[in-house]
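# Structural characterization, general
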Amino acid sequence: MLAKFLAAFLTLVYRIRQEAFNVWCFLCLYSLGAVYMIVEFNRKWELFWRVVHLDVHKDLPSNLNGFVCVLTGGSRGIGLHVTKTLLEKGCHVIVASSVKTGEAIERVKKRILSKVDQNNGKLEVWHLDLSSMDSSKLAQIMFTYSLHELVKASKQSEYLTVNCLHPGVAQTELYEHVWWVNWFPTLPKHLFRSAEEGAETVLYTALSEKMESIGGKYLEDCEIKHSSAYSYNDSKRTLLWRKTIEMLSPWLPESTYVPLFTDTQHFTNE
Ligand SMILES: *[C@@H]1O[C@H](CO)[C@@H](O)[C@H](O)[C@H]1NC(C)=O
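All figures in this text were calculated on a predicted structure; none of them were measured in a lab. (Residues numbered from 1 in each chain as written. Predicted model: local features only at pLDDT ≥ 70, side-chain atom pairs only at ≥ 80, totals over all residues. Heavy atoms only, no water.)

### A look at the domain arrangement of the protein
What counts is decided by this rule: What marks off one domain from the next here is an automatic or database domain assignment.
Per the domain assignment, the segments making up the protein are domain 1 (1-50), domain 2 (68-127) and domain 3 (137-239). A straight line from the C-alpha centre of domain 1 to that of domain 2 covers 39 Å.

Shown next, in the form of structure tokens:
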């Protein structure tokens, strides 16, 4: 009898703990959302701080002939606007898409080209399924810093740069799945930036002269910013990298499978 009661009691405590954790996560997520709401609001009205806007004519090279760009997610939302700008400037763009058949690939190609005012470049759509790569954003930032160190260590950072960025909160199809967007479908237009504006930091990071030879950085609104303190933690980054290499080892050449950054110099965010 007592044992039964105790078991029920413990189950209840466990459930409450779990629910409390869920509520906590919910609150954290929504406060992060609230912070970005302020960022987006400020971008529209510039009440609190000045925001750098990209001028695609002034801030980017006018002619991208001879450049090749491989883009994932380049067929919709923010990526579509990146593709459009690159093609108009004469770049050879390869969009990696999850579609498989030749027919579907042609359809994606047509849809992209219908958004391009004047195609001065070349567009290819390749099949590449990344849907099973469920990496979180924090991990992507940490990978960026680790990869940058690797590039730096191999003395190639002059030619090869690795950066990451937050495009801002843009109204893309992603938001169709958020509950309050379904209730107030016109609200995102007033709260968020357009997908075209979301493309600004992507283009700036890849193409601005000011970003030449600069790697291992995190950008928001066309400016280098600090990412969270957690993302700079050496030992956590090393752990993430090692685990990843371990998991990928069946597909990697033998030589890659070495624990990297065994003696990391302290990584500073200069
Ligand atoms: C980094 O993370 C480790 C392990 O979690 C922790 O012990 C250490 O204090 C952290 N370092 C910094 C600089 O925050």
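### Overview of the nonpolar core
Heads up, the condition is: Only buried residues count toward a nonpolar core, which is a set of Ala, Val, Leu, Ile, Met, Phe, Trp, Tyr and Cys residues joined through side-chain atoms within 4.5 Å. Only protein chains enter the calculation, and the probe is 1.4 Å; a residue is then buried if its accessible area is under 20% of its type maximum, exposed if over 50%, and partly exposed in between. Going along the chain from the N terminus, every DSSP run of H or I of four or more residues is numbered as a helix, and every run of E of two or more is numbered as a strand. Contacts are assigned to residue pairs with any non-hydrogen atoms lying within 4.5 Å of each other.
Counting 26 residues, the largest nonpolar core has L86, V93, I112 and L203 as the members making the most contacts within it. Residue assignment for this core shows that the elements contributing at least two residues are helix 2 (77-88), strand 2 (92-97), helix 3 (102-113), strand 3 (122-127) and helix 7 (195-207). Ignoring any residue separated from it by four or fewer positions in sequence, one finds L86 in contact with L64, C69, L71, C91, V93, L203 and L207. Formed by eleven residues, the second largest nonpolar core is a distinct cluster that contains C164, V181, Y218 and Y232.

### A short note on the environment of P185
Assignment of secondary structure puts P185 in the loop between helix 5 (179-183) and helix 6 (187-191). With 30 residues separating them along the chain, P185 and K155 place their C-alpha atoms 50 Å apart.

### Digging into helix 3
Put simply, the rule is: Helix span is expected to be 1.5 Å times the residue number reduced by one. Of all possible arcs, the one meant is that of the directions from the helix axis to the C-beta atoms.
The terminal C-alpha atoms of helix 3, which comprises twelve residues, lie 16 Å apart, in line with the 16 Å expected from a rise of 1.5 Å per residue. Three or more residues of helix 3 are buried, namely A104, I105, V108 and I112. Looking straight down helix 3, one finds that the buried residues subtend no more than 105° of arc, so they occupy a single side. Those residues of helix 3 that are exposed and aimed more than 90 degrees away from the buried face are E103, R107 and K110. Those residues of helix 3 hidden inside the fold are in contact with helix 2, strand 2 and strand 3.

### Here we look at the pattern of salt bridges
Applicable threshold: One speaks of a salt bridge when a side-chain nitrogen belonging to Lys or Arg is within 4 Å of a carboxyl oxygen belonging to Asp or Glu.
In total, this model carries twelve salt bridges according to the counting rule given. As a salt-bridge pair, K84 and E88 come within 3.1 Å of each other at their nearest N and O atoms. Linking K84 with E88, this pair stays in helix 2, spanning four residues, or about one helical turn. Note that R107 is salt-bridged to E103, the shortest N-O span being 4.0 Å. Of this pair, R107 and E103 both sit in helix 3, four residues apart, which is roughly one turn of that helix. Overlapping salt bridges bring together E40, R43, R193, E197, E200 and D221 as one network.

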